[in-house]
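# Remarks on the overall topology
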Amino acid sequence: MVSHFKRPTRIAIVGTGNVGATFAYALLLSGLATEIVLIDANRAKAEGEAMDLNHAVPLLPQPARVWAGTYEDCATALITVVTAGAAQRPGETRLDLVHRNVAIFKQIIPEIVRHNPNTILLIATNPVDILTYVALKLSGFRKNHVIGSGTVLDTARFRYLLSQHFDVDPRSVHAYIIGEHGDSEVPVWSLANIAGMRLPQYCAMNQMGCQSSILEDIFQQTRDAAYHIIERKGATYYAIASGLVRICESIIRDQGSVLSVSSYLEDYYGISDICLSLPTVIDLDGVERVIRLDLSPEEVEGLRKSAEVLKDIIRSLDL
């Protein structure tokens, strides 16, 4: 019998706060990774999370090795997921976080690069579009190897809320939020569909309410969801952890899935030199391509405004 050596699939997670720890747990349950290394400035916190996760391993269908490590352990990681940073406070926007978290990234990103210049960087820290751009500039990586979680979460919220209104499985609702993961994000109403039918057609055929006021309320609930969750429980982490697992799955399994991640744009409806969220094909090499959507004039204008909001912030940064 010929023995074939298979290199373990290692995922490094930098930051073991609410998002990092929940992602580590979701990743462990998914069975996608055979090695999960947790890195945190608070070494004891990372060790405690690793211990707790390891105690779940005997109960899972597929084992994995989990440990608290250092940046040296990023060395063979296929994906390095960065969740470290200051948390969003009640009443604070994601953009309010930017200067605190850029300073943290200036410490983190060079350390990752020093030990693994070939990893795919997956950024979850807010404001995620700006920090994806910052990570790209600090790392010097190819643009397809730096990905932000972007509006994967907003898109999931959007699909869920639409599914509640239309009384269907959220997985059967096809709709995207694009632009900034934040207050300037844009709902792509013109392409939203159920069963291949655009929403106005679906509503007409199925005698359902599709008034603009109803749809606008659904979008506002989508856009403001984080504020309401943070107000009630202090942080959001379950859904974003699931989104990170979904992105990792598309990379690890080379699926070519279309996900609304944040990545570097070049002449997308005239938008360049910024990271924004758009439906993007994700495979083993990261970003395979950004899909050019047939947007309405209003959606193009909204996307450009979203880009300008972020560019104004980036101009104030010392990169």
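What this report covers is the structure whose coordinates are included nearby. Just so it is clear, the structure is predicted and the values come from calculations on it, not from any experiment.

## Some remarks on the overall build of the protein
- Scanning the protein from N- to C-terminus turns up nine helices and 14 strands.
- Over its C-alpha trace the protein gives a radius of gyration of 20 Å, about what one expects of a compact globule, namely 20 Å for 319 residues.
- For the protein, the proportion of its 319 residues judged to be buried stands at 54%.
- Within the protein, counting contacts between residues at least 6 apart in sequence, those at least 24 apart form 69% of the total.
- A total accessible area of about 14600 Å² is found for the protein, and carbon and sulfur atoms account for 52% of it.
- When the 29 basic and 36 acidic side-chain charges of the protein are each reduced to a single mean position, those positions are 4 Å apart.

## Remarks on unusual backbone geometry
- Following asparagine 126, the chain continues into proline 127 via a peptide bond in cis, with omega recorded as -5°.
- One can find proline 127 in the loop between strand 5 (120-123) and helix 4 (128-139).
- A positive phi angle, close to 50°, is found at glutamine 207, a residue other than glycine.
- Relative to the helices and strands, glutamine 207 resides in the loop between helix 6 (199-205) and helix 7 (212-233).
- One non-glycine residue with positive phi stands out, namely aspartate 273, at about 55°.
- Examined against the element boundaries, aspartate 273 turns out to sit in the loop between strand 12 (257-265) and strand 13 (274-283).
- You can call aspartate 273 partly exposed: its relative accessible area is 34%.

## Digging into the packing of aromatic side chains
- Going through the model one piece at a time under the given rule, you end up with four aromatic pairs.
- Ring geometry for tyrosine 237 and tyrosine 238: centres 4.9 Å apart, planes at 65°, overall edge-to-face.
- For tyrosine 238, a relative accessible area of 56% gives the class exposed.
- Residue placement shows lysine 233 over the ring face of tyrosine 237; its charged tip is 3.9 Å from the ring centre.
- Above the plane of the ring of tyrosine 269 lies arginine 292, whose end atom (NZ or CZ) is 5.5 Å from the centre.

## A closer look at the sheet that holds strand 10 (residues 193-194)
- Across the sheet, which stays open at both edges, the three strands sit in the order 7-10-11 with antiparallel pairing between neighbours. Taken across any chain shown, the strands that pair with only one partner, and hence form the sheet edges, are strand 7 (173-174) and strand 11 (197-198).
- With two bridges joining them, strand 7 and strand 10 adopt antiparallel strand pairing. Its bridge partner being in strand 10, valine 173 is matched across the sheet by isoleucine 194.

## Digging into the environment of tryptophan 189
- Mapped onto the fold, tryptophan 189 is located in the loop between strand 9 (186-187) and strand 10.
- Taking the relative accessible area as the measure of exposure, tryptophan 189 reaches 22% and is therefore partly exposed.
- Distance in space between the C-alpha atoms of tryptophan 189 and phenylalanine 105 is 35 Å, their sequence separation being 84 residues.
- Those residues in contact with tryptophan 189 that sit more than four places away from it in its chain are Phe158, Leu162, Leu199, Leu215, Phe219 and Glu299.

## What to know about the pairing of strand 13
- Counted residue by residue, strand 13 has ten buried out of ten residues, so it is predominantly covered.
- The pairing of strand 12 with strand 13 spans nine bridges and is classified as antiparallel. Bridged to valine 258 within strand 13 is valine 281.
- Where strand 13 and strand 14 (residues 286-290) come together, four bridges link them in antiparallel fashion. Looking across to strand 14, one finds that threonine 280 is bridged to valine 290.
- In sequence, strand 13 turns back onto strand 14 through a hairpin of two residues.

Calculation rules
Residues numbered from 1 in each chain as written. Predicted model: local features only at pLDDT ≥ 70, side-chain atom pairs only at ≥ 80, totals over all residues. Heavy atoms only, no water. Helix = DSSP H or I, 4+ residues; strand = E, 2+ residues; numbered from the N terminus. Rg over C-alpha atoms; globule rule 2.2 N^0.38 Å. Buried < 20%, exposed > 50% of the residue type's maximum accessible area, 1.4 Å probe, protein only. Contact = heavy atoms within 4.5 Å. Areas by Shrake-Rupley, 256 points an atom, 1.4 Å probe, with all protein chains shown as cover. Lys, Arg positive; Asp, Glu negative; His and termini not counted. Charge placed at Lys NZ, Arg CZ, Asp CG, Glu CD. Phe/Tyr/Trp six-rings, centres within 6.5 Å; stacked < 30°, edge-to-face > 60°. Lys NZ or Arg CZ within 6 Å of the ring centre and 35° of its normal. Pairing = 2+ DSSP bridges.

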